[in-house]
Amino acid sequence: MRIEFQPNNFSDVECDLLAHPVFEDEVREGTSLRALDHATKGVASSVLTSGEFKPELHHTCLIHRPARVKAHRLLLVGAGKEREFTLARLRELAATAVRVARSARCKSVAFCLRGSFKTPDAVRVAAEGALYGNYESEIYKTRDIETQEVQQLILVSERKTRQGAVNEEIRRGTIIGNAVNFARTLGNEPANILTPARLAERALAEGTRSGLEVQVLERDEMERLGMNALLAVSRGSEQPPKLILLRLPGMKPQKKAPFFALVGKGVTFDSGGISIKPAEKMEDMKADMSGGAAVIAAMSALAELGLQCPVMGLIPAVENLPSGSATKPGDVVRSLLGKTIEIINTDAEGRLILADALAYARTLGANRLIDIATLTGACVVALGHINAGMMGTDPETLERLKSARSITGERFWQLPIDEEYRKAIRSEIADIKNVGNRWGGAITAAKFLQEFVEDTPWVHLDIAGVDLDHDGQPFAAKGATGFGVRSLIQLFI
Ligand code: BES
Ligand code: ZN
Ligand code: ZN
């Protein structure tokens, strides 16, 4: 999709479809509708005041051949309440506009930037949103689907802005939008295609393209290092495990300054192993590498943005299957850190691979840790599909992730990790066991991880409920969401 900026009156923009956000409040007041009414010879007021179209968030109304507009169609896009308007909403509206344009077979779309944001900021998020809306997850359909992709996006504002600043934000928005879509593609790939080895290949290709240094640790190397918690998970599978390392060129950890490691769970398929999962919805476990995908995408975007950030990425990639060689409930392994783990439930595998990857990140010099993982069903029970869970011991990063929400649109809700929760994962025969009891499952999973980060400031993001969207949204195709990519990038820009 070509993206450009036009400082223009919206009625003068030539395109197949012109999208114009409308706030709920302005219908009541009637004030800002004047321009739309002039453009449509009163049709806009007519559909709005008749109640036929209510500009609730993401509701849309398509008007053909508007009288005094060069565009062939005018799309009114409900923008909700003006005082609740954020950059995150602006991003979603651009995505909604593009999705309507796709289904109407429109190839060129203009989008009016509304709200009181700085134009370059608005341009960036609108570009991101348009790319998000233009993404389709039907990657394996063989019937000849005519391409419905929108080819051109024109961002329109009457406010004067420096073209240089705007072009820079189009570039940045394009990088971030494509990164999110890249993570979605990985999440949507079936597990027969996206094995740990193929995930490593994709990371290598994408990382190299964007300027990252990519290194992949093989099984023998992990054995030598003593990553037995990670290796225990992949034992049942014929697919060898991979530990993917991503670095920004020239960025090396220093003793005193903060250096982050982003650690993403990369379980390319989670059957549960010997503690096998029920059949219903097991197919969703192809996306159990969504945390890893978010890390690959975010790191690539940071490289492409040309930023010098003190950060590296680690993705432990494994397939969790039952077989004659699989880990059994009750098995005990010695982790990289030296702590022993009693594996009570082989379906609590994410924390096992993260335990070793987090400990390894520390040996590489990381002194701030962030892990992102589709870790627990309990987190989905607690927070549903709206907020991701967030826990940890790094107050500054926790706060920054929380407050980035109005920009990124990604919601994190902090859960407690008081010391008393650790009791649930005491083992009779080893240092720790990998599951607690029925209660507070998202928290006991975090307590398990905390054993391996020890005193290093750390944030744990449980994205189990938000990595997939089964319903679809006005602004998004069904399937993987790429959740977390924008927040991880936002921490460093
Ligand atoms: N990958 C799952 C968690 C998950 C559940 C992700 C639903 C997305 C949607 C994880 O490996 C898992 O199986 N966790 C178990 C832990 C339990 C055995 C303590 C769970 O949540 O049931
Ligand atoms: Zn599992
Ligand atoms: Zn899992």
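This one's a predicted model, so the numbers in the text were calculated from it and none came from an experiment. (Residues numbered from 1 in each chain as written. Chains lettered and ligands numbered in written order. Predicted model: local features only at pLDDT ≥ 70, side-chain atom pairs only at ≥ 80, totals over all residues. Heavy atoms only, no water.)

## Observations regarding the site of ligand 1
Phase 1: Lining the immediate surroundings of ligand 1 are 15 residues, of which D270, K277, D347, E349 and G377 lie closest.
Phase 2: Taking T374, its main chain carries an N or O atom lying 3.3 Å from a nitrogen atom of ligand 1.
Phase 3: Within the complex, the protein chains bury 76% of what would otherwise be the 520 Å² of accessible surface of ligand 1.
Phase 4: Residue classes in the shell around ligand 1 are distributed as 4 nonpolar, 4 polar and 7 charged. (Near = heavy atom within 4 Å. Polar contact = N/O pair within 3.5 Å; in protein donor to acceptor, adjacent residues only side chain to side chain. Areas by Shrake-Rupley, 256 points an atom, 1.4 Å probe, with all protein chains shown as cover. Nonpolar A, V, L, I, M, F, W, Y, C, P; charged D, E, K, R; others polar.)

## Concerning the packing of helix α6 (residues 163-188) against helix α10 (residues 290-304)
Packed helices, taken two at a time, are described by the angle between their axes plus the distance between the axes.
Phase 1: Taken N-terminus to C-terminus, the directions of α6 and α10 make an angle of 160 degrees; their axes are 9 Å apart at the nearest point. Judged by the inter-axis angle, α6 sits roughly antiparallel to α10. Where α6 crosses over α10, the two elements pack in a sense that is right-handed. Residues R171, I175, A179, F182, A183 and L186 of α6 pack against A293, A294, I296, A297, A301 and E304 of α10.
Phase 2: Among the residues forming the contact of α6 with α10, the class breakdown is 10 nonpolar, no polar and 2 charged. (Axes fitted to C-alpha atoms, helices over the stretch in contact; angles between N-to-C directions. Helix = DSSP H or I, 4+ residues; strand = E, 2+ residues; numbered from the N terminus. Parallel < 35°, antiparallel > 145°, perpendicular 65-115°, else oblique. Left-handed = near helix turned anticlockwise from the far one by under 90°. Contact = heavy atoms within 4.5 Å.)

## Notes on the sheet that holds strand β1 (residues 2-7)
Phase 1: Spatially, 6 strands are ordered β1-β6-β5-β2-β4-β3 in an open sheet, and the strand pairing comes out mixed. Both outer strands of the open sheet, β1 and β3 (60-64), are each paired with one neighbouring strand and no more. The mean inter-strand angle of the sheet, taken between neighbouring strand axes irrespective of direction, is 20 degrees.
Phase 2: Bridging between strand β2 (residues 17-22) and strand β4 (residues 73-78) involves 6 bridges; their strand directions are parallel. (Pairing = 2+ DSSP bridges.)

Any functional reading would require information beyond the geometric quantities listed.
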